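Below, each chain spelled out in residue letters.
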Amino acid sequence: MFFFDTNSLVLHWKFKKNINKMISDRDSLKRKIFLEGNHLKKLKTDSKYLEKLAREKFYMKKEDEDLFVIKKN
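Residues numbered from 1 in each chain as written. Predicted model: local features only at pLDDT ≥ 70, side-chain atom pairs only at ≥ 80, totals over all residues. Heavy atoms only, no water.

Undergrad: Before we go on, may I ask you to explain the overall build of the protein in this structure?
TA: Counting its secondary structure elements, the protein contains 2 helices and 0 strands. What you see for the protein is a C-alpha radius of gyration of 25 Å, clearly larger than the 11 Å of a compact globule of 73 residues, by over 25%. In terms of principal-axis extent, the alpha carbons of the protein reach across some 80 × 35 × 15 Å. Taken across its 73 residues, the protein has 4% of its residues classed as buried. Carbon and sulfur atoms make up 61% of the accessible area of the protein, which totals about 7700 Å². (Helix = DSSP H or I, 4+ residues; strand = E, 2+ residues; numbered from the N terminus. Rg over C-alpha atoms; globule rule 2.2 N^0.38 Å. Buried < 20%, exposed > 50% of the residue type's maximum accessible area, 1.4 Å probe, protein only. Areas by Shrake-Rupley, 256 points an atom, 1.4 Å probe, with all protein chains shown as cover.)

Spelled out as structure tokens, the structure:
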């Protein structure tokens, strides 16, 4: 015989499921923070990587260069 009140098994199961989801979200966010920290450290220390990123992502160029953007279909 089961009693459905504020301490029911269904409610505990839902809470446990929610806790597990939050723990996995937390772990994935911690991984992302770690990767972004490494990326930031690399940007601060490696000037060649910074220049490469500026050229590829933001289409920056030096004053004496011409830039051609080719898009693939």
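Undergrad: Looking at this structure, I do not really get the packing of aromatic side chains. What am I missing?
TA: Aromatic ring pairs are defined here through the distance separating the ring centres and the angle between the ring planes. Across all of its chains, the model carries 0 aromatic pairs by this definition. Of note, Lys42 hangs over the ring of Tyr49, and the distance from its end group to the ring centre comes to 4.4 Å. (Phe/Tyr/Trp six-rings, centres within 6.5 Å; stacked < 30°, edge-to-face > 60°. Lys NZ or Arg CZ within 6 Å of the ring centre and 35° of its normal.)

Undergrad: Which parts of the structure should I look at to understand the pattern of salt bridges?
TA: Per the counting criterion, the structure on display carries 5 salt bridges. With a closest N to O distance of 3.8 Å, Glu51 and Lys62 form a salt bridge. Within this pair, whereas Glu51 is found in helix H2 (residues 47–58), its partner Lys62 is found in the segment after H2, the two being separated by 11 residues in sequence. Owing to a relative accessible area of 34%, Glu51 belongs among the partly exposed residues under this scheme. Accessibility expressed as a relative area gives 44% for Lys62, which makes it partly exposed. (Salt bridge = Lys/Arg side-chain N within 4 Å of Asp/Glu carboxyl O.)

Undergrad: Help me out: how do you make sense of the packing of helix H1 (residues 9–45) against H2 in this one?
TA: Between two packed helices, both the angle of their axes relative to each other and the distance between the axes serve to describe the pair. Running from amino to carboxyl end, H1 crosses H2 at an angle of 105°, the nearest separation of the two axes being 5 Å. Judged by the angle between their axes, H1 and H2 are roughly perpendicular. Counting all contacts with H1, which are made through His39, Lys42, Leu43 and Thr45, the residues of H2 involved are Ser47, Tyr49, Leu50 and Leu53. Residues belonging to the contact of H1 with H2 are distributed by class as follows: 4 nonpolar, 3 polar and 1 charged. (Axes fitted to C-alpha atoms, helices over the stretch in contact; angles between N-to-C directions. Parallel < 35°, antiparallel > 145°, perpendicular 65-115°, else oblique. Contact = heavy atoms within 4.5 Å. Nonpolar A, V, L, I, M, F, W, Y, C, P; charged D, E, K, R; others polar.)

Undergrad: It is not clear to me how the environment of Met22 should be interpreted in this structure. Could you clarify?
TA: Here Met22 is to be found in helix H1. Along the backbone, Met22 and Met60 are 38 residues apart, and their C-alpha atoms lie at a distance of 40 Å.

Undergrad: Sorry if this is basic, but what is going on with the environment of Val10 here?
TA: Assignment of secondary structure puts Val10 in helix H1. As a C-alpha pair, Val10 and Ile23 span 13 residues in sequence and 20 Å in three-dimensional space.

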